[in-house]
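Read off the chains here:
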Amino acid sequence: MSFPDLKRRVFLGVMAGGLASCTLSDEAKLRAANRASTNAWRKAGAILRNTEAPRLADQIFSVLDFGAKSDGVFDNTHVFARAIATCYEAGGGRVLVPAGNFFTGPIHLLSNVNLHLEEGAQLLFSTKPADYLPPVFTRWEGMELMGYSPLVYAYKQQNVALTGKGILNGQANEMTWWPWKGGDKWAKPGFATQAKARAQLEADVEKNRPVSERIYAENSQLRPAFVQFYKCKNILIENITITNAPFWLLHPVMSENVIIRGVTCASLGPNSDGCDPESCKNVVIENCYFDTGDDCIAIKSGRNADGRRIATPSKNIVIRGCKMRSGHGGVVIGSEISGGARNIFAENCEMSSPDLERGLRIKTNSVRGGLIENIYFRNIHIGDVQTAVVIDFNYEEGDSGINTPHVRNVEVRNLHCKNAKQVFNVRGYERSPISNLHLLGATFEKAEDIGVIEHVDDFIAKEVLVQGKPFSI
């Protein structure tokens, strides 16, 4: 199909959705959009200034002094627990893990404690599900439950940190944790899957069953998150490498003042999301590297009835200087977004891989719902991607619910994409069109298909080139 034919097909889709293009008569709209953008990025600057790392005591507690062994076999779970408790009781400081291979079960952090892994240190986490019991209060795909402990966990703590140039290795693979996902790719003979427990948890959520009664631990097959700080304040995660995760890698939940800096997330298993801030406030994610089996960064706020019950949006999040390779999406909002999201900023990021499915993505549906607003992307460089820009109202269940999503005030500025199989997949609902979508300065060098834009109100496309030709409505 020739490029003019593709352009014509998008034009028809756009007109069916009732868009307003940017012509000379729309200069007033463009000036207003520029003013709104300037004010928004000032807010992003304020978030960066006001989100500070926790200030912790200088004293050091080496795990070796508590009997830790680095042979990769000795179980250090209780050793780490004693070191963390001693540090906490002494007023806080650094629990130091030196070079070596330290086998352990779950690690629970306490206030004013920094678990610091020196270069050459590796934590090898147990793959026995029983080691992650008793169950703890957690979230799984946006639903609250009593489930397996995350590998590194903190609940209602302040001033907590996980730092250093060491490695956290979950040791998940095709024979541990990952087969619980099931499906054609991951199912293995002799392994039960998560399907039954997942369906039951969804039913519990819709019935508003008390979380204390949602016990999903022994034989539930709901894999634990790797690092989860739940209802915590003042968090720093810096420079570590996380690999071979059972499930999501970094998962701060209902936490405030979070800095994630210089972290490498490398895990290609099922649902290996890199970083999923959920119902969090004031978050900075910067200079991180993602090579993951699912979304690189996915901002969330609870799923379906639980998200609406808790009603805590993710807000005031700045993403900058990150690099993404494999993944379902580069910078993503959703799909567990029922509590909404607002004031999300991403800038100066690079993403590229033949396995990168989407670059910038918002995903929801009328079962999830959610108000998503004030989303700003700028200076984004994409190499290889399947679809560059996606706003999808028909994710998973599609339009089969009563909770109509709303997306408004989305700006993409200075986007450069080298090679996309598809440029756009932007589809609102006729009853709930996407409002104020602005594409200001974008270049798509190669594109097999422009794609579709429909059900969008107040669309502005200015200085947009597709295969060297101006894109206009």
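These notes cover the structure that comes with them. (Residues numbered from 1 in each chain as written. Predicted model: local features only at pLDDT ≥ 70, side-chain atom pairs only at ≥ 80, totals over all residues. Heavy atoms only, no water.)

1. Some words on the overall build of the protein
Reasoning step 1: Helix and strand content of the protein: six helices and 31 strands.
Reasoning step 2: Taking 23 Å as the expected radius of gyration for a compact globule of 473 residues, we find that the protein reaches 23 Å, a close match to that expectation.
Reasoning step 3: Overall size of the protein, expressed as C-alpha extent along the three principal axes, is 75 × 45 × 35 Å.
Reasoning step 4: Taking all 473 residues of the protein together, 58% fall into the buried category.
Reasoning step 5: For the protein, the accessible surface area stands at approximately 18,100 Å², while carbon and sulfur atoms represent 47% of it.
Reasoning step 6: Of the side-chain charges in the protein, 53 are positive and 51 negative, and the distance between the mean point of each set is 4 Å. (Helix = DSSP H or I, 4+ residues; strand = E, 2+ residues; numbered from the N terminus. Rg over C-alpha atoms; globule rule 2.2 N^0.38 Å. Buried < 20%, exposed > 50% of the residue type's maximum accessible area, 1.4 Å probe, protein only. Areas by Shrake-Rupley, 256 points an atom, 1.4 Å probe, with all protein chains shown as cover. Lys, Arg positive; Asp, Glu negative; His and termini not counted. Charge placed at Lys NZ, Arg CZ, Asp CG, Glu CD.)

2. Focus: the sheet that holds strand S5 (residues 107-108)
Reasoning step 1: In spatial order, the strands read S5-S10-S14; together these three strands make up an open sheet with parallel pairing. Each edge of the open sheet is held by one strand with a lone partner, namely S5 and strand S14 (227-230).
Reasoning step 2: Across two bridges, the pairing between S5 and strand S10 (residues 152-155) is parallel. From the neighbouring strand, His 108 faces S10, where its bridge partner is Tyr 153. (Pairing = 2+ DSSP bridges.)

3. Looking at the side chain of Asn 257
Reasoning step 1: Position of Asn 257 relative to the elements: it lies in strand S17 (residues 256-261).
Reasoning step 2: The class for Asn 257 is buried, based on a relative accessible area of 10%.
Reasoning step 3: Residues contacting Asn 257, with those up to four places away along its chain left out, are Asn 50, Thr 51, Glu 52, Asn 234, Ile 235, Lys 281 and Asn 282. (Contact = heavy atoms within 4.5 Å.)

4. Let's talk about the pattern of salt bridges
Reasoning step 1: Taken as a whole and judged by the stated rule, the model has 27 salt bridges.
Reasoning step 2: A salt bridge links Lys 29 to Asp 458; the nearest nitrogen and oxygen atoms lie 3.7 Å apart. Placement of Lys 29 in helix H2 (residues 27-50) and of Asp 458 in strand S30 (residues 456-466) is noted, with a sequence separation of 429 residues between them.
Reasoning step 3: Take Lys 29: its relative accessible area is 37%, and that puts it in the partly exposed class.
Reasoning step 4: You can call Asp 458 partly exposed: its relative accessible area is 32%.
Reasoning step 5: Here Glu 347 and Arg 378 are joined by a salt bridge, their closest N and O atoms 2.9 Å apart. (Salt bridge = Lys/Arg side-chain N within 4 Å of Asp/Glu carboxyl O.)

5. So, the packing of aromatic side chains
Reasoning step 1: One pass over the structure, following the stated rule, counts 18 aromatic pairs.
Reasoning step 2: Here the aromatic rings of Phe 137 and Tyr 155 are separated by 5.7 Å at their centres, their planes lie at 40 degrees, and the arrangement is tilted. Taken as a pair, Phe 137 in strand S8 (residues 136-140) and Tyr 155 in strand S10 lie far apart in primary sequence, 18 residues in all.
Reasoning step 3: Ring geometry for Phe 137 against Tyr 230: centres 5.2 Å apart, planes inclined by 85 degrees, an arrangement best described as edge-to-face. (Phe/Tyr/Trp six-rings, centres within 6.5 Å; stacked < 30°, edge-to-face > 60°.)

6. Some remarks on the state of the cysteines
Reasoning step 1: For the structure on display, the rule yields zero disulfides.
Reasoning step 2: No disulfide involves Cys 296; its sulfur sits 9.0 Å from that of Cys 265, the nearest cysteine.
Reasoning step 3: There is no disulfide at Cys 349, and the cysteine sulfur nearest it, in Cys 322, is 4.9 Å away. (Disulfide = S-S within 2.5 Å.)

7. Details of helix H5 (residues 195-206)
Reasoning step 1: Helix length check: H5, at twelve residues, gives a terminal C-alpha distance of 17 Å against a target of 16 Å (1.5 Å per residue), a fit within 8%.
Reasoning step 2: Within H5, the full set of buried residues consists of Ala 197, Leu 201, Asp 204 and Val 205. Here the buried residues of H5 occupy an arc of 100 degrees about the axis, which is enough to place them on one side.
Reasoning step 3: Backbone geometry just after H5 places Asn 208 at a positive phi near 60 degrees. (Expected span 1.5 Å × (residues − 1). Arc of directions from axis to C-beta.)

8. Looking at the pairing of strand S25 (residues 341-351)
Reasoning step 1: The buried fraction of S25 amounts to eight of the eleven residues, a majority that puts the element mostly inside the structure.
Reasoning step 2: The sheet contact formed by strand S22 (residues 314-320) and S25 spans six bridges and is parallel. Its bridge partner lying in S25, Lys 315 is registered against Arg 342.
Reasoning step 3: Sheet topology note: the strand S23 (residues 323-324)/S25 ladder contains two bridges and is parallel. By the bridge assignment for S25, Lys 323 is matched with Glu 350.
Reasoning step 4: As paired elements, S25 and strand S27 (residues 371-392) share nine bridges and run parallel to each other. The partner of Glu 350 across the bridge, within S27, is His 381.

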